[in-house]
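Structural description and commentary
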Amino acid sequence: MTTITNISSICTAPADIRLVVVKVETSEPGLTGLGCATFTQRPLAVVEAVDKYLAPFLIGRNVSEIEDIYQSAQLSSYWREGPVLNNALSGVDMALWDIKGKQAGMPVHDLLGGKCRKAARVYVHASGNSIDETVDQAQQHIENGFTHVRLQSAVPGQSTYGTNTDLHTHATIDGPTTPQNVFGPADYVRLAPKLFEVARDRLGWEVELLHDVHERVPPYLAIQLARDLEPYRLFFYEDALPPEEIEYFRQMRQQSSIPIAMGELFVSLKQCMPLIEERLIDYIRVHLSMIGGMTPARKLATICEAFGIRTAWHGPGDCSPIGHAANLALDMVSPNFGIQEFTPYNQATLDVFPGCNNLRDGCIWPNDRPGWGIEINEALAKEFPFPDHPYNGAWPAIRDRDGGIIRP
Ligand code: GCO
Ligand code: MG
């Protein structure tokens, strides 16, 4: 029997974004696994949960019992779920899938039933401080072979998600509201249709365009914008409402034919169920480590398949290459795959994580090596310590012109 002998967390930021990767060591010499546990706004809380709670609970367990380890570890705190505990659990869970793959000599997608496509088509981000800047960048992506591009453009003088004006790092949380952290939902909702009008004009109708609202507007404006964007034939309309307002998807569905993608703020599989059961969305886009890892995510993929909902797993920069590999494994095996969000790696990330999946022809390709097929160079990882971050990673408040909080 192969057992868990050690569980530890590796903190690294090769792209200046704080990543947490969990390493599980086993009684078999040289056999280790890696899992993504990245909650970039609260990484040290996750590290504590791994080191102080999961490690003592799980050392000695049989590595083969992934499902039972998942269930028992989750219930070991009695109160469960939430992004901190889920990320900690995901780190261990993904590492165990990596280990199982290495034991079997198979990539994880083979353990899950085998590929039903050769690669996963991705969407990338175009963002700018003006509409023209955004569309120029989209043009570049298209020239580089991408077929799906998400467009975000800043409202002049305001902090707007997905653009350079979205100042996660330098707005002050209790200082005066500066132009940088002001956001007017109505201004943004007026601008976004113009962005897509220009984009269709300049880019044509072949390219697939996407947009992320980042849960920043009240429900009635999210519904209005859905209708206003309809003529531009978006591939999907992303995270229009926060998890607290999901009942409004019913009205959005009735009033607009725009394809709806939702889920990056969800922190459990069960939270997704009302939207799935009523077929209120077209794409599920949870962040795998935020719902607890591969074990719940593969169930979610299958549940969605039964309801005709496609997958679009969250793939931002604050997801380690191990997390991206887990996304890709599901993309490979899911008949209901829709699209994969992807943030191209910088050179430092490629160096720290040898084996990163390959980006080519607008798709990511698995490397077909056992497990995730990705290693970590721990010595090099240490050369990219967490950057200093205002409030140690907490996000600054985004405020309406009157000073009221905007609730993403
Ligand atoms: C996306 C997301 C991200 C999140 C980030 C939060 O669609 O990729 O909205 O950009 O904001 O993951 O840490
Ligand atoms: Mg998003």
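Throughout what follows, the structure given in this document is the object of discussion. Model, not experiment: these values are computed from the prediction.

Here we come to the pairing of strand β6 (residues 208-212). Burial within β6 is extensive, with 4 of its 5 residues counted as buried. The pairing of strand β5 (residues 148-153) with β6 spans 3 bridges and is classified as parallel. Bridged to V149 within β6 is L209. Note: β6 against strand β7 (residues 236-238), 3 bridges, orientation parallel. For L210, the partnering residue across the bridge sits in β7 and is F236. Crossover connection from β6 via helix α7 (residues 219-229) to parallel β7: handedness right-handed.

On to α7, then. Those residues of α7 that fall on the buried side of the exposure criterion are A222, I223, L225, A226 and L229. All buried residues of α7 fall inside an arc of 160° around its axis, so they share one side. Considering only its buried residues, α7 is in contact with α6 (185-203), β6, β7 and α8 (249-255).

With that settled, the discussion passes to the environment of V84. Along the polypeptide, V84 turns up in helix α3 (residues 83-104). A sequence separation of 37 residues divides V84 from V47, and the C-alpha atoms of the two residues are 8.9 Å apart. Setting aside its immediate chain neighbours within four residues, V84 contacts F39, R42, A45, V46 and A49.

This part is about the nonpolar core. If you look at the biggest cluster of nonpolar residues, it comprises 122 residues, and the most contacted ones within it are V92 and I281. Ranked by residues supplied to this core, first place goes to α3 with 10 residues. Contacts of I281, omitting those with residues within four sequence positions, involve F249, I260, A261, M262, L275 and I309.

To continue, consider the sheet that holds strand β1 (residues 4-12). Strand order in the open sheet formed by 3 strands is β1-β2-β3, with antiparallel pairing between adjacent strands. Every other strand in the sheet has two partners, leaving β1 and β3 (32-36) as the edge strands with one partner each. Within the sheet, the average angular offset between the axes of one strand and its neighbour, ignoring direction, is 20°. Inspection of the sheet shows β1 paired to strand β2 (residues 19-26) by 8 bridges, in the antiparallel sense. Within β2, the residue paired with C11 across the bridge is V20. On top of the sheet, helix α11 (residues 321-333) reaches β2 and β3; it is set at about 85° to β3, its chief contact.

Calculation notes
Throughout this description, residue numbers start from 1 for each chain and increase along the sequence as written. Each chain takes a letter, starting from A, and each ligand takes a number, starting from 1, following the order in which they are written. This being a predicted model, a pLDDT of at least 70 is required before a residue's local features are given, and a value of 80 or more before pairs of side-chain atoms are given or counted; all residues contribute to the totals for chains, interfaces and linings. Whether a residue is buried, exposed or partly exposed follows from its count of other C-beta atoms within 10 Å of its own C-beta, namely 20 or more, 12 or fewer, or something in between, respectively; the C-beta atoms are built from the backbone. Only runs of H or I of at least four residues qualify as helices and only runs of E of at least two qualify as strands under DSSP, and these elements are numbered from the N terminus. Each pair of strands is called paired provided DSSP finds at least two bridges between the two strands. Crossover handedness is defined here as right-handed if the route from the first strand over the helix to the second strand goes clockwise, with the strands pointing away from the viewer. The reported arc concerns the directions from the helix axis to the C-beta atoms and nothing else. Throughout, a residue-residue contact means that the two C-beta atoms, derived from backbone geometry, are no farther apart than 7 Å. For this entry, the nonpolar core is defined as buried Ala, Val, Leu, Ile, Met, Phe, Trp, Tyr and Cys residues connected by C-beta atoms within 7 Å. Lines are fitted to the C-alpha atoms to define the axes, a helix being fitted only along its stretch in contact, and any angle between axes, read from their N-to-C directions, falls within 0 to 180 degrees.

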